[in-house]
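Chains, contacts and geometry: an overview
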Amino acid sequence: VKYSLLPKGEKIAKLCLQFELAVLKVLKNPSMISDKPSPANGGNSHLLVIDSREDKAFAERLMDTCQSKGVPFLHKDLPAGDYLFITADNNYVLPLLIERK
C-alpha cells in the first residue's frame, strides 16, 4: 500500500521543512549554546530563544526576568516566531513556537 500527501499537505510539508532548515541554520553555531542548566530553574537544559526583532522594551523586560529567575536564554534573529525553546545539549528545537501579537 502506498501513501502520499494531498497537494495541500505537500505544500504544508514543504513549508515545515523550510522552517526547520531555517531554524537549524540559526542554531548551527555551537558557540551560541553557552548557558549551563541553572539550579534556579530546576536544572533544565532548555534555553528560551528570543527574537532580536521583538519589541525592544518587552524583550528587555523578559530578559531581565529570565536573568533574575535563572532561566537561560539567547537573543537571536529567528526565521519565524518571537520565541522558541531549544535543548542546550543537542541543539534540538522543541515543538513550541510563540508568536506574540
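Residues numbered from 1 in each chain as written. Predicted model: local features only at pLDDT ≥ 70, side-chain atom pairs only at ≥ 80, totals over all residues. Heavy atoms only, no water.

The next thing to look at is the sheet that holds strand S2 (residues 73–76). Taken together, four strands build an open sheet; the order of strands is S2-S1-S3-S4 and the sheet is mixed. Two strands in the sheet have a free side with no partner beyond their single neighbour: S2 and strand S4 (93–98). For this sheet, the mean angle separating the axes of adjacent strands, direction not counted, is 25°. Where strand S3 (residues 83–87) meets S4, three bridges bridge the pair, whose relative direction is antiparallel. Considered in S4, the bridge of tyrosine 83 is made with isoleucine 98. (Pairing = 2+ DSSP bridges. Helix = DSSP H or I, 4+ residues; strand = E, 2+ residues; numbered from the N terminus. Axes fitted to C-alpha atoms, helices over the stretch in contact; angles between N-to-C directions.)

The subject of this paragraph is the environment of isoleucine 50. Following the sequence through the fold, isoleucine 50 ends up in strand S1 (residues 46–51). Taking the C-alpha atoms as reference points, isoleucine 50 and leucine 74, 24 residues apart in sequence, are found 6.1 Å from one another. Aside from chain neighbours lying at most four places away, what touches isoleucine 50 is Ala59, Leu62, Met63, Phe73, Leu74, His75, Lys76, Leu78, Asp82 and Tyr83. (Contact = heavy atoms within 4.5 Å.)

One finds Val23, Leu47, Val49, Leu74, Leu78, Leu84, Ile86 and Ala88 forming the largest nonpolar core, which totals eight residues. Taken together, the elements giving at least two residues each to this core come down to S1 and S3. With seven residues, the next largest nonpolar core counts Ala59, Cys66, Phe73 and Tyr83 among its residues. (Core = buried A, V, L, I, M, F, W, Y, C linked by side-chain atoms within 4.5 Å. Buried < 20%, exposed > 50% of the residue type's maximum accessible area, 1.4 Å probe, protein only.)

Summing up the model confidence of the protein chain, the mean pLDDT is 77 and the portion of residues at 70 or higher is 78%. For the protein chain, S4 is the element with the lowest average pLDDT, namely 77, and helix H2 (residues 56–69) is the one with the highest, namely 90. Across residues 30–41 the pLDDT falls below 50, and counting only partners more than four positions away or on other chains, this stretch makes 25 contacts in the model. (pLDDT = per-residue confidence, 0-100.)

Below, the discussion takes up the pattern of salt bridges. Per the stated rule, a full pass over the model turns up one salt bridge. Here arginine 53 ties to aspartate 51 by a salt bridge, and the two come within 3.3 Å at their closest N and O atoms. Overall, arginine 53 belongs to the exposed group, its relative accessible area being 54%. Of the residues examined, aspartate 51 reaches a relative accessible area of 5% and is grouped as buried. (Salt bridge = Lys/Arg side-chain N within 4 Å of Asp/Glu carboxyl O.)

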